[in-house]
Amino acid sequence: MTANPPRVLDGLIDAMSQSREFAENEIKRIMPELKADCAAVPFSEWPEQFAITGLVTPFDSDENPYPTEVLYDWTMPAQRTRTFGEAEAGVTVQDSLLLDPQGYTITHYRDGPPVCRAVLPGPIRTDWASRAPCECAATIDGTTSLSPYGTARILVCPLASPRVAWSWQALSGRPTVFMVTSLRGDEGKRLFAALDYRAWLPGHSFSRSVFDKPPQCAPAAASRPTPSPSRRCSTCHLGPAPRR
């Protein structure tokens, strides 16, 4: 009888996780550029204006990756992350629109008006990397397939426990990858697991109208109050002051 493939794979992964020496040796063999220490180089601030493109990989395996565009203007301040295409759901684009001091998730439908939810903090601060309670977990030395823009630091940043975020950044400050922990129960919520950045355009100019809120984002007097973002977000984002 042929063994159950998923069970065999689970057994191999479990055995590897319990064999620290084997895992470390394999990591050194596969990627000797990966170091467990961190470069003593100050974090670079983001430019006041930039555009960046990327590819979002969703958590759900039945979704395809989505092209993504980020526009950022600290002089306003404002930030918009737009993902394109969810044709099977009748969605044209979905925006994460971060304004001072409130952010919104805005879903644009092909056959209906946008739906706006005030569930996000304000735009991320230009000096977020030096402000955040992140730990540098590792460094990838030099230019490799996982650090295409030069030596990169891998930061681990706490979110609502047990969820964390990983941010890979070149020492120049250029973003490489942003990932968020996926938890059991996230299925069907259209959450993303990783954003791989592509084109990086510091100083790129664009119309401020890209940050305009649709009328659906206006507060309705009779509506139930929307839960505000966590106060811990204000370490890196504009928004409510942190609790003392």
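Residues numbered from 1 in each chain as written. Predicted model: local features only at pLDDT ≥ 70, side-chain atom pairs only at ≥ 80, totals over all residues. Heavy atoms only, no water.

### Quick notes on the pattern of salt bridges
Per the counting criterion, the structure on display carries two salt bridges. Among the salt bridges present, the one from Arg82 reaches Asp95, with a minimum N-O distance of 2.7 Å. Separated by 13 residues along the polypeptide, Arg82 in strand β4 (residues 78-86) and Asp95 in strand β5 (residues 91-99) bring together distant segments of the chain. A relative accessible area of 18% places Arg82 in the buried class. When its relative accessible area of 4% is taken as the criterion, Asp95 is described as buried. (Salt bridge = Lys/Arg side-chain N within 4 Å of Asp/Glu carboxyl O. Helix = DSSP H or I, 4+ residues; strand = E, 2+ residues; numbered from the N terminus. Buried < 20%, exposed > 50% of the residue type's maximum accessible area, 1.4 Å probe, protein only.)

### Side note on the confidence of the model for the chain
Confidence in the prediction of the chain, expressed as mean pLDDT, is 83, and 83% of residues score 70 or more. No element of the chain has a lower mean pLDDT than helix α1 (residues 5-17), which averages 71, and none a higher one than strand β3 (residues 66-73), which averages 95. Below pLDDT 50 for its whole length, residues 220-229 participates in eight contacts with residues either more than four positions away or in separate chains. (pLDDT = per-residue confidence, 0-100. Contact = heavy atoms within 4.5 Å.)

### Focus: the side chain of Arg80
Tracing the chain through its elements places Arg80 in strand β4. Here Arg80 falls in the buried class, since its relative accessible area comes to 7%. A polar contact is formed between the side chain of Arg80 and the backbone oxygen of Val210, at a distance of 3.5 Å. When neighbours within four sequence positions are excluded, Arg80 is seen to be in contact with Glu69, Val70, Leu71, Asp95, Ser96, Leu97, Val210 and Phe211. (Polar contact = N/O pair within 3.5 Å; in protein donor to acceptor, adjacent residues only side chain to side chain.)

### Re the packing of aromatic side chains
All chains considered together, the criterion is met by seven aromatic pairs. Note on Trp46 and Phe50: the rings are 5.1 Å apart at their centroids and 85 degrees apart in plane angle, and the pair reads as edge-to-face. Note on accessibility: Trp46 and Phe50 belong to one class, buried. Between Trp46 and Tyr72 the ring centres are 5.3 Å apart and the planes differ by 90 degrees, which places this aromatic pair in the edge-to-face class. With a gap of 26 residues between them, Trp46 in the loop between β1 (34-35) and β2 (49-58) and Tyr72 in strand β3 connect regions that are remote in the sequence. We note that Trp46, like Tyr72, is buried. Here a set of aromatic residues connected by ring pairs shows up, and it is made of Trp46, Phe50, Tyr72, Trp74, Trp128 and Trp200. The positively charged end of Arg153 is found above the aromatic ring belonging to Phe43, 4.1 Å away from the centroid. If you follow Arg174 out to its NZ or CZ, it ends over the ring of Tyr149, 3.6 Å from the centre. (Phe/Tyr/Trp six-rings, centres within 6.5 Å; stacked < 30°, edge-to-face > 60°. Lys NZ or Arg CZ within 6 Å of the ring centre and 35° of its normal.)

### Section: the state of the cysteines
Any covalent bond linking the sulfur atoms of two cysteines counts as a disulfide. Counting across every chain of the model gives three disulfides. One disulfide in the model links Cys38 with Cys136; its S-S distance is 2.0 Å. Judged by the sign of its S-S torsion, about -100 degrees, the bond between Cys38 and Cys136 is left-handed. With Cys38 in the loop between β1 and β2 and Cys136 in strand β8 (residues 135-140), this residue pair connects regions lying 98 residues apart in the sequence. Its relative accessible area of 31% is what places Cys38 among the partly exposed residues. For Cys116, the disulfide goes to Cys217, at an S-S distance of 2.0 Å. Between Cys116 and Cys217, the S-S dihedral sits near 105 degrees, and the bridge is therefore right-handed. Placement of Cys116 in strand β7 (residues 115-120) and of Cys217 in the segment after β12 (192-202) is noted, with a sequence separation of 101 residues between them. Comparing Cys116 with Cys217, the two get one shared label, buried. (Disulfide = S-S within 2.5 Å.)

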